[in-house]
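What follows is each chain in one-letter form.
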Amino acid sequence: MKYFSFLTAVLLSLQIQSQNISPLYEGVPVFHGAKITGNFPNTEFLFTVPATGERPISFSAENLPKGLSIDASTGIVRGTVKEKGSYTVKILATNTKGRAGENLKIEIGDKLCLTPPMGWNSWNVFTNTLDEKLVMETADAMVSTGMRDLGYQYINMDDYWHAVSRDDDGKPVANAEKFPHGIKWLSDYVHSKGLKLGIYSDAGDKTCGKCFGGFQHEEIDAKVYAEWGVDLLKYDFCFAPLKKSEAIARYTTMGKALKNSGRSIVYSICNWGVFAPWKWGEQVGGNYWRTTPDIMDTWKRTPFWTGSFSSILKRETNLDKYAGPGHWNDPDMMIVGNYGKGKATGGGGQYKGLSDLEYQTHMSLWCMLNAPLLSSCDLRSMNEPTKNILLNPEILAINQDEKGEQAKLIQTKNGVQVYMKHLADSSLAVALFNTNKSDTKFDFKAEGEFKGTWNARDVWQHKDGGVLKDKLTFKLKTHETLVLRLAPYYFSF
Ligand code: GAL
């Protein structure tokens, strides 16, 4: 506390008291999402400035590096920057209600994913029914629901985009019935919306769905993915020898191929947490790595080759020291809004899904733990509770915070777990998670890490949560998570 300047403290206190969430498309422009983004030099750059507020908004940018330009009506920044460098760009957004400005850092260097990637993945709900129409409709929904304007960006195609086999030159080929226009055409469509396209392959001969794998085709695959305009690769580990040295070798080969592909392609390692990929994932070029088996849409126990929400959370906790900008722990996709209906996560009808309050807990903890935020529900038909969870700007800001610190579980008392992370503006994010099967009273005391006086903002209620001086008492519903943003408090207004 003593390190904060007087002015910062006053500003933070003011800011935290004045923030109020209004409907997404009313009022002055408000910026969201990552305040920092990375790309390799001499490769295509694409970033959509996430902003809400009354439309139309007119965007402009000062100090854009040479080679980039911003589209005034959409805020989509595109181009290619030749040289490595750190650029601080001032983005301006103007509408009839007013004007807002913020700094965006563009790091042209050797790192991608400076904040956890946000997007969608086809697997949990659609499995083998993935096709071009679904990808396009999902991209449209990411725009029309406002997800893009809050920072969601990736549309990731999982298994089953493949033709029966490669072509005679060994190049990967997409299933022509499902993708009649081809993947390049599809990526052009996704990019035109300011979004990015992800693809899936496997470090074995076959993918988990028995389509052709990437083993011994790494260079040609990476090259073709780059030609197709692919922005992310999830690389699985089915039909590969279960040996640590083999895993490291195979992931390294693909990591190098992606780096040499001439495109900025995010690398997602998916070997289900086997052989502790958090210890070598960054070294093989990975931007994030699965820490667990596949998530199922249930709170309770599942067979050991899958994970429930609770078991996955347990395995993800305490891996905080391995995460940071450009390299994240991945506890798998989000199941928010699936209600047991996902083809992959519903367990053939045996899992009924979580309650909305439990999905909110799931989102709270994924955001606190800096997980990649890959929604996997049907974005075309989200109900209101699902939207309220996935489109809450305040919880998203905790995930996308530039400091990139994964929360630590610092205390458990009477079944309430306390997670904490430091944020870039010197405030703290705290989650109080009631693991009990009954409602629980919790005294949140200004002790230890929380010594001092703090202004608490309730991130889910979007309102002042009180001043933490001695203690604040909360009644938490069963499985509820309260998330507070604590700013140092100097004045009462
Ligand atoms: C699993 C992976 C899932 C999904 C699936 C596709 O190994 O963990 O997330 O990608 O393969 O077959």
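Quick caveat, the model's predicted, so the values are computed rather than measured.

A.B. asks: Please set out the overall build of the chain residue by residue, giving values where relevant.
C.D. replies: The helix and strand tally for the chain stands at ten helices and 27 strands. For the chain, the C-alpha atoms occupy an extent of roughly 70 × 55 × 40 Å along the three principal directions. Within the chain, the proportion of its 493 residues that are buried is 59%. Considering only contacts in the chain between residues 6 or more positions apart, those separated by 24 or more positions represent 70%. With the model as given, the accessible surface of the chain reaches about 20000 Å², and the carbon-plus-sulfur share is 51%. In the chain, 57 positive and 54 negative side-chain charges are present, and the distance between their average locations comes to 5 Å.

A.B. asks: Which residues make up the environment of Tyr 225, and what are the values?
C.D. replies: Within the secondary structure, Tyr 225 sits in helix H5 (residues 218–228). Exposure remark for Tyr 225: the relative accessible area of 1% places this residue in the buried category. Distance from Tyr 225 to Ile 183, taken between C-alpha atoms, is 8.8 Å for residues 42 residues apart in sequence. Those residues in contact with Tyr 225 that lie beyond four places of it in its chain are Trp 161, Pro 172, Ile 199, Tyr 200, Ser 201, Val 230, Leu 233 and Ile 265.

A.B. asks: Talk me through the site of the ligand; I want residue IDs and the actual numbers.
C.D. replies: Around the ligand sit 13 residues in total, of which Asp 158, Asp 159, Lys 234, Asp 236 and Asp 294 are the nearest. Within the contact set of the ligand, an oxygen atom lies 2.8 Å away from a side-chain nitrogen or oxygen of Asp 159. Trp 272 is positioned such that a nitrogen or oxygen atom in its side chain is 3.0 Å from an oxygen atom of the ligand. Relative to its free-state accessible area of 310 Å², the ligand is covered by the protein chains to the extent of 95%. For the shell around the ligand, the class distribution of residues is six nonpolar, one polar and six charged.

A.B. asks: Residue-level account of helix H8 (residues 356–368), with values.
C.D. replies: A rise of 1.5 Å per residue sets the reference length of H8, with its 13 residues, at 18 Å; its end C-alpha atoms lie 18 Å apart and thus fit the reference within 8%. Among the 13 residues that make up H8, eleven are buried, leaving the element largely enclosed by the rest of the structure. Where H8 is concerned, the buried positions are Glu 358, Tyr 359, Gln 360, Thr 361, His 362, Met 363, Ser 364, Leu 365, Trp 366, Cys 367 and Met 368. Asn 370 occupies a position one or two residues after H8 and carries a positive phi of about 55 degrees.

Rules behind the numbers
- Residues numbered from 1 in each chain as written.
- Predicted model: local features only at pLDDT ≥ 70, side-chain atom pairs only at ≥ 80, totals over all residues.
- Heavy atoms only, no water.
- Helix = DSSP H or I, 4+ residues; strand = E, 2+ residues; numbered from the N terminus.
- Buried < 20%, exposed > 50% of the residue type's maximum accessible area, 1.4 Å probe, protein only.
- Contact = heavy atoms within 4.5 Å.
- Areas by Shrake-Rupley, 256 points an atom, 1.4 Å probe, with all protein chains shown as cover.
- Lys, Arg positive; Asp, Glu negative; His and termini not counted.
- Charge placed at Lys NZ, Arg CZ, Asp CG, Glu CD.
- Near = heavy atom within 4 Å.
- Polar contact = N/O pair within 3.5 Å; in protein donor to acceptor, adjacent residues only side chain to side chain.
- Nonpolar A, V, L, I, M, F, W, Y, C, P; charged D, E, K, R; others polar.
- Expected span 1.5 Å × (residues − 1).

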